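Descriptive structure summary
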Amino acid sequence: MTETKTKEWLESAARRRRTFASDLHRPRYHFLPPDNWTNDPNGVIEWGGRYHLFYQHNPHGSFHGTIHWGHAVSYDLVHWEDLPLALEPTPGGPDEDGCFSGCAVDNGGIPTLIYTGLAGDAQTQCIAESRDGLLTWEKYRGNPVLATPPEGVRPLDFRDPWVWREEGVWYMLLASGRLGGGGTVLLYRSPDLLRWEYLRPLLTGQVEETGEVWECPNFFRLGDKHVLVISVWPRHSVHAFVGSFVDGHFAPETHGTLDADGSFYAPLTLEDTGGRRLIWGWLDEQRSGALQRAAGWAGVMSLPRVLSLDEGGGLRTDFVPELRALRQGHVRVENLDVLEPVDIKGVQGPALELRFTFRRGSASRSGVRLARSPDGAEETCVYIDWLTGQLVIDRGRSSLSEGVSKRAQSGVLNAPAETVEVHLYLDGSVLEVVAERQLTLGTRIYPSREDSLGVQLFSEEGVSRLKLLEAWTLASIW
Ligand code: DQQ
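Description of the structure in this document. Every value quoted in this text rests on a predicted model; they were computed, and no experiment measured them.

Reading guide: rules and limits
- Residues numbered from 1 in each chain as written.
- Predicted model: local features only at pLDDT ≥ 70, side-chain atom pairs only at ≥ 80, totals over all residues.
- Heavy atoms only, no water.
- Helix = DSSP H or I, 4+ residues; strand = E, 2+ residues; numbered from the N terminus.
- Expected span 1.5 Å × (residues − 1).
- Buried < 20%, exposed > 50% of the residue type's maximum accessible area, 1.4 Å probe, protein only.
- Arc of directions from axis to C-beta.
- Near = heavy atom within 4 Å.
- Polar contact = N/O pair within 3.5 Å; in protein donor to acceptor, adjacent residues only side chain to side chain.
- Areas by Shrake-Rupley, 256 points an atom, 1.4 Å probe, with all protein chains shown as cover.
- Pairing = 2+ DSSP bridges.
- Axes fitted to C-alpha atoms, helices over the stretch in contact; angles between N-to-C directions.
- Core = buried A, V, L, I, M, F, W, Y, C linked by side-chain atoms within 4.5 Å.
- Contact = heavy atoms within 4.5 Å.
- 1 Å grid on protein atoms, 1.4 Å probe; cavity = no way out; pocket = protein on both sides within 12 Å on 5 of 7 lines; lining within 4 Å.
- Points joined across faces, edges and corners; volume = space filled by probe spheres on them.
- Nonpolar A, V, L, I, M, F, W, Y, C, P; charged D, E, K, R; others polar.
- Phe/Tyr/Trp six-rings, centres within 6.5 Å; stacked < 30°, edge-to-face > 60°.

Between its first and last C-alpha atoms helix 1 (residues 3-18) spans 23 Å; for 16 residues at 1.5 Å apiece the expected length is 22 Å, and the two agree. Taken as a whole, helix 1 has its buried residues at T6, W9, S12, A13 and R17. End-on, the buried residues of helix 1 take up no more than an arc of 140°, which puts them together on one face. Across from the buried face of helix 1, at angles greater than 90 degrees, the exposed residues are E3, T4, K7 and R18.

Listed below in structure tokens is the structure:
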């Protein structure tokens with residue numbers, strides 16, 4: 001792309017973003033493309049002091065099709081700038097029907113993307129390099145660098161390369177499913193990113209537990225363990241296996257879901273220069289295809305989160321602290337017995353951060369109602385169910401509109417606790433919740449009324465003590 005063309009593209013992106021200014025459901029501080037469709041995050045990499053985020057993108061509509069790689073960059077993980085599209089399908093090439101998901105590596109100083117090309121039904125692995133600081137990408141002439149899967153795996157599900165380097169050798173995982181068996185990830189090695197040798201499956205799951213096909217593997221060291229993250233297709237759930245990796249063999253010790261029962265899918269991780277393991281996922285729409293087309297955009301990236309391990313080897317999740325830069329109006333409430341609902345008047349709106357800790361008391365449920373209209377006709381409830389030990393997002397009255405999902409979403413807290421801390425972000429139609437740094441739920445809500453902005457604390461069937469609530473209105477990043 002010439003300089004003039006880049007400038008024109010960036011101006012048009014800014015213009016396209018502005019057209020959504022009055023869209024109640026469009027997030028203000030979650031990253032999403034200027035318009036149209038996105039799904040998986042791709043190729044996240046830190047380069048020259050900036051975070052680059054690529055993403056699956058259809059620039060021609062708000063539905064999955066003609067998949068390109070979009071591109072954005074950030075200094076602080078909070079504010080993002082658009083960059084021109086990084087990859088587009090090449091007519092007649094192995095990616096002529098789509099540039100599917102993949103990763104980015106530093107190949108001796110040359111930023112390199114490894115991704116899956118789609119041509120007809122065939123999924124093959126391709127690479128592209130940038131010689132101008134990640135702005136434009138040149139595809140390798142010998143693409144694909146890996147065309148066929150090994151025997152015994154589903155030939156048409158062979159995708160989403162995850163590549164890393166260890167002791168001078170490149171390793172790659174590809175996701176697939178065993179013929180007649182469960183989802184699997186396949187381990188390869190290469191001296192140069194071009195010639196790949198198949199080693200063995202790194203892990204294969206049981207169909208009943210983790211489905212028939214896996215997608216989007218991530219494999220990395222965390223503390224003194226190794227973690228394998230996979231996404232299950234078509235069930236849309238994300239699983240993490242924690243274990244040991246010795247002599248090229250992975251032995252999982254524990255297994256759990258990463259984001260229970262929600263919109264969060266196909267996550268991608270990055271170890272940043274500070275040594276943190278960051279993770280982003282795609283938060284899919286929970287409204288009909290017709291509504292997505294009418295909106296002109298679909299899909300959004302989760303906020304960046306940090307993964308760590310607790311003493312028992314369980315995964316911990318925190319939102320990155322950089323997000324504090326968005327905080328504006330603030331309310332703090334301490335030590336309040338909640339029996340009747342309590343409206344939090346000082347902090348309302350479509351863009352909020354809340355941190356609260358409840359102690360059980362006699363109540364069966366304690367939590368917060370968000371995106372609430374003054375008469376309560378619309379509201380979304382995030383609560384702890386003390387009887388079942390669950391964190392629940394009740395979307396039953398989240399919208400008066402048809403065509404949007406109102407299914408409740410929930411996950412079980414590890415240990416039944418008397419006190420539970422919840423940290424959440426609301427951003428138009430996006431809601432991300434972390435409880436006890438352990439259970440995460442990301443979902444979507446579509447309130448129809450402009451006055452559905454309220455925040456209310458509540459307990460049911462008894463009293464519970466709010467130990468602390470801190471709430472902030474948040475700024476837009478655009
Ligand atoms: N999305 C991509 C695939 C991946 C799937 C295609 C996961 O590469 O397996 O857009 O959402």
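This next bit is on the site of the ligand. Lining the immediate environment of the ligand, one finds N39, D40, Q56, H64, F100, S101, R159, D160, E215, Y265, A266 and W282. In this structure, R159 approaches the ligand through a side-chain N or O atom, which is 2.8 Å from an oxygen atom. In the complex, the protein chains occlude 94% of the 300 Å² of accessible area that the ligand would expose alone. When contributions to the shell around the ligand are tallied by element, the ones reaching two or more residues are strand 1 (36-47), strand 5 (98-107), strand 9 (159-166) and strand 17 (264-271).

Strand order in the open sheet formed by six strands is 23-34-25-30-31-32, with antiparallel pairing between adjacent strands. Looking at the sheet topology across the chains shown, the edges are occupied by strand 23 (327-338) and strand 32 (439-444). Direction aside, the axes of adjacent strands within the sheet are offset by 10° on average. As judged from the nine bridges shared by strand 23 and strand 34 (residues 464-474), these two strands associate in the antiparallel manner. Across the sheet, V333 pairs through a bridge with L469, a residue of strand 34.

Further remarks concern the nonpolar core. By size, the foremost hydrophobic cluster in this structure holds 44 residues, and its most contacted members are L202, W214, F219 and L228. When residues no more than four places from it in sequence are discounted, the contact partners of L228 are L173, V185, L202, L203, W214, P217, N218, F219, H239, A240, F241 and F250. If you look at the next biggest cluster of nonpolar residues, it comprises 34 residues, including I344, V368, L370 and V455.

Our next topic: unusual backbone geometry. The peptide bond linking N143 to P144 adopts the cis configuration, its omega dihedral lying at 0°. Mapped onto the secondary structure, P144 falls in the loop between strand 8 (138-139) and strand 9. The linkage connecting W233 with the following residue, P234, adopts the cis geometry, with an omega of 0°. Within the secondary structure layout, P234 lies in the loop between strand 14 (225-233) and strand 15 (237-246). Of note in this structure, E167 is not a glycine but carries a positive phi near 45°.

Here five strands make up an open sheet; going across it, the order is 4-3-2-1-19 and the pairing mixed. Only two strands of the sheet have a single partner each, and these edge strands are strand 4 (81-87) and strand 19 (297-298). By the bridge criterion, four bridges tie strand 3 (residues 68-74) to strand 4 in an arrangement that is antiparallel. In the sheet register, W69 faces strand 4, and the bridge partner there is L87.

A separate point is the layout of surface pockets. Roughly 700 Å³ of volume is contained in the largest pocket. Along the wall of the largest pocket there are 26 residues; nearest its centre are W162, V163, W164, E271 and R277. Of all the secondary structure elements, the ones that give two or more residues to the lining of the largest pocket are strand 1, strand 5, strand 9, strand 13 (213-222) and strand 17. Tallied by class, the residues present in the lining of the largest pocket amount to 15 nonpolar, four polar and seven charged. Approximately 390 Å³ is the volume found for the second largest pocket. Of all elements in the fold, only strand 15, strand 16 (249-257), strand 22 (315-319), strand 29 (409-412) and strand 32 reach the threshold of two or more residues within the lining of the second largest pocket. With four residues, strand 16 is the single largest residue contributor to the lining of the second largest pocket. Residue composition of the lining of the second largest pocket, grouped by class: seven nonpolar, twelve polar and two charged.

Turning our attention to the pairing of strand 27 (residues 380-385). In terms of burial, strand 27 is a largely internal element, six of the six residues being buried. With burial as the criterion, each face of strand 27 is covered, one bearing T380, V382 and I384 and the other bearing C381, Y383 and D385. The pairing of strand 26 (residues 365-372) with strand 27 spans six bridges and is antiparallel. Across the sheet, V368 pairs through a bridge with V382, a residue of strand 27.

Throughout the structure, instances matching the rule amount to 19 aromatic pairs. On the basis of an interplanar angle of 55° and a centroid distance of 6.1 Å, the ring pair of F31 and W80 is categorised as tilted. Of this pair, F31 sits in the loop between helix 1 and strand 1 while W80 sits in the loop between strand 3 and strand 4, and the two are 49 residues apart along the sequence. The pair F31 / W80 is uniform in exposure class, with both members buried. With centroids separated by 5.7 Å and ring planes inclined at 80°, the aromatic side chains of F54 and W137 adopt a geometry described as edge-to-face. Taken as a pair, F54 in strand 2 (residues 50-58) and W137 in the loop between strand 7 (122-129) and strand 8 lie far apart in primary sequence, 83 residues in all. Looking at F54, the relative accessible area reads 0%, which means it is buried. W137 sits in the buried class, given a relative accessible area of 12%.

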